[in-house]
Amino acid sequence: MPGLGWDAAAEQRFDVNLSILFTELPLLERPAAAAAAGFTAVELWWPWIDSPTPERSELDALRRAIEDAGVRLTGLNFYAGQLPGPDRGALSVPGEESERFRANVEVAAEFAGSLGCGALNALYGNRVDGVDPAEQDALALENLVLAARAADGIGAILLIEALNKPESPLYPLVSAPAAVGVVDKVNAATGLDNARFLMDLYHLSMNGEDLPAVIERYTAKTGHVQIADNPGRGAPGTGSLPLEDLLDQLRKAGYDGWVGLEYKPGDRPSAEAFDWLPR
């Protein structure tokens, strides 16, 4: 893997997703581990999968760990159910899960705002047997409007992500156009224009999408980018995706935001999973 070139990567801003990397460590030790590996920024899925409203002490402890490590929180997921696990979000799932998402909106926004985090990711949620998809989509729009307003309240953007159909067969947003369509609906409903596409190159490649065409078409609506190689969802160089070229194209198309490293370290410590990066 060393010597991939990655000349372009020197100009990219990479952050580490602490919900997929450094998971061999307790949550509160991961920000310092990322800093020790040379990173200045991190992102997270909602860390308390059983609780949309954790105790204040738990929120404060994570906030302190991030501040003490000297890293910046650049992205945070709203409550999304069991992730990793069977769930893919909560906001379009009627009943208790939707209520849990709503209870989380202000909690997540306040936590993100306290750390200067500028992006909140709202995973759409799976289709549910016996529920009209149109009913789920109406509920989703309602909840995404709440989330967009909460994000706007802390000066942040709301991210809407496309996942991939092979791994998330019940998730309805499994293409770039589907996710961007929801982005447009949310912006039309709020008038805030703070909803953006989360372009995860791994998920899009798993869907068989034409990645250069997606970049050309949707960079202007993109608020965050995440990467992993394919196949395998490992570090760049472990699969066959031309990630260096794709990131170069993104930058030339005007994307100057963070690139989240959302890949599995493989059977090695996470600290050893960055040998593809120029130092």
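Whatever comes next refers back to the structure up there.
Conventions adopted
Position numbers for residues count from 1 along each chain, tracking the sequence in the order it is written. With the structure being a predicted model, the display of local features is reserved for residues of pLDDT at least 70 and the display and counting of side-chain atom pairs for 80 or more, all residues being used for whole-chain, interface and lining totals. To get the side-chain values, take all heavy atoms of the structure and skip hydrogens and water. Side-chain atoms within 4.5 Å are what join buried Ala, Val, Leu, Ile, Met, Phe, Trp, Tyr and Cys residues into a set we call a nonpolar core. Any residue under 20% of the maximum accessible area for its type is buried, any over 50% is exposed, and the rest in between are partly exposed; the area is computed with a 1.4 Å probe on protein chains only. Residues are treated as being in contact if the distance between any of their heavy atoms lies within 4.5 Å. Each pair of strands is called paired provided DSSP finds at least two bridges between the two strands. Runs of H or I in DSSP of at least four residues are treated as helices and runs of E of at least two as strands, each being numbered from the N terminus. Structural elements are reduced to axes, namely lines fitted to C-alpha atoms, with helices fitted over the stretch in contact, and the angle between N-to-C directions of any two is expressed from 0 to 180 degrees. The positive count covers Lys and Arg only, the negative count covers Asp and Glu only, and His and the chain ends enter neither. Here, a salt bridge means any Lys or Arg side-chain nitrogen found within 4 Å of an Asp or Glu carboxyl oxygen. Here a polar contact is recorded for every N or O atom pair within 3.5 Å, except that within protein the pair must consist of a potential hydrogen donor and a potential acceptor, and residues adjacent in sequence are included only if both atoms are side-chain atoms. Centres within 6.5 Å are what make two rings of Phe, Tyr or Trp a pair, Trp counting through its six-membered ring; a difference in plane orientation under 30 degrees is then read as stacked, over 60 as edge-to-face, and the rest as tilted.

**Student:** Mind showing me how you'd approach the nonpolar core here?
**Tutor:** Generally speaking, nonpolar side chains in soluble globular proteins are found buried as a group. Membership of the largest hydrophobic core comes to 87 residues, with the highest contact counts inside it found for Leu76, Phe197, Met199, Ile227 and Phe274. If near-sequence neighbours (up to four positions away) are discounted, Ile227 is found in contact with Phe14, Leu201, Pro236, Leu243, Leu247, Val259, Gly260, Leu261, Glu262, Tyr263 and Trp276.

**Student:** Please explain the sheet that holds strand β4 (residues 119-121) as it appears in this structure.
**Tutor:** The strands making up a sheet associate through hydrogen bonds between their backbones, and the pairing can be parallel or antiparallel. Strand order in the closed barrel formed by eight strands is β1-β2-β3-β4-β5-β6-β7-β8, and the pairing between neighbours is parallel. Averaged over all adjacent pairs, the angle separating strand axes in this sheet is 30 degrees, with direction ignored. Two elements, strand β6 (residues 195-200) and strand β7 (residues 222-227), share four bridges in a ladder whose sense is parallel. The partner of Met199 across the bridge, within β7, is Val225. Helix α4 (residues 133-153) rests against β4 and β5 (157-161) of the sheet, and its axis sits at about 140 degrees to β5.

**Student:** What is the right way to read the side chain of Arg88 from this model?
**Tutor:** Relative to the elements of secondary structure, Arg88 occurs in the loop between β3 (72-77) and α3 (96-114). Put simply, Arg88 is tucked away with no salt bridge, and the nearest opposite charge, on Glu167, sits 6.6 Å away. Reaching out from Arg88, the side chain makes a polar contact with the backbone oxygen of Glu167 at a distance of 3.1 Å. If sequence neighbours within four positions are ignored, Arg88 has contacts with Ala80, Leu83, Leu123, Tyr124, Gly125, Asn126, Leu163, Glu167, Ser168 and Tyr171.

**Student:** So what exactly am I meant to see when it comes to the pattern of salt bridges here?
**Tutor:** Oppositely charged side chains are able to pair whenever their charged atoms sit close together. Tallying each qualifying case throughout the model produces 12 salt bridges. Ionic pairing is found between Glu262 and Arg233, a salt bridge with its closest N-O pair at 2.9 Å. Taken as a pair, Glu262 in the segment after β8 (258-261) and Arg233 in the loop between β7 and α8 (243-252) lie far apart in primary sequence, 29 residues in all. An identical accessibility class is assigned to Glu262 and Arg233; each is buried. Between Asp275 and Arg268 there is a salt bridge whose closest N-O contact spans 3.7 Å. Owing to a relative accessible area of 34%, Asp275 belongs among the partly exposed residues under this scheme. Taking relative accessible area as the criterion, Arg268 reaches 22% and is therefore assigned partly exposed.

**Student:** Looking at this structure, how should I read the packing of aromatic side chains?
**Tutor:** The tally for this structure, following the rule as stated, stands at nine aromatic pairs. For the ring pair Trp46 and Trp48, a centre distance of 5.1 Å and an interplane angle of 65 degrees mean the geometry is edge-to-face. Look at Trp48 and you get buried, because its relative accessible area is 11%. Centre to centre, the rings of Tyr263 and Trp276 are 6.4 Å apart; their planes meet at 70 degrees, and the pair counts as edge-to-face. Taken as a pair, Tyr263 in the segment after β8 and Trp276 in the segment after β8 lie far apart in primary sequence, 13 residues in all. When sorted by exposure, Tyr263 lands in the same class as Trp276, which is buried. An aromatic cluster of three or more residues is present, and its members are Phe14, Phe22, Phe39, Tyr263, Phe274 and Trp276.

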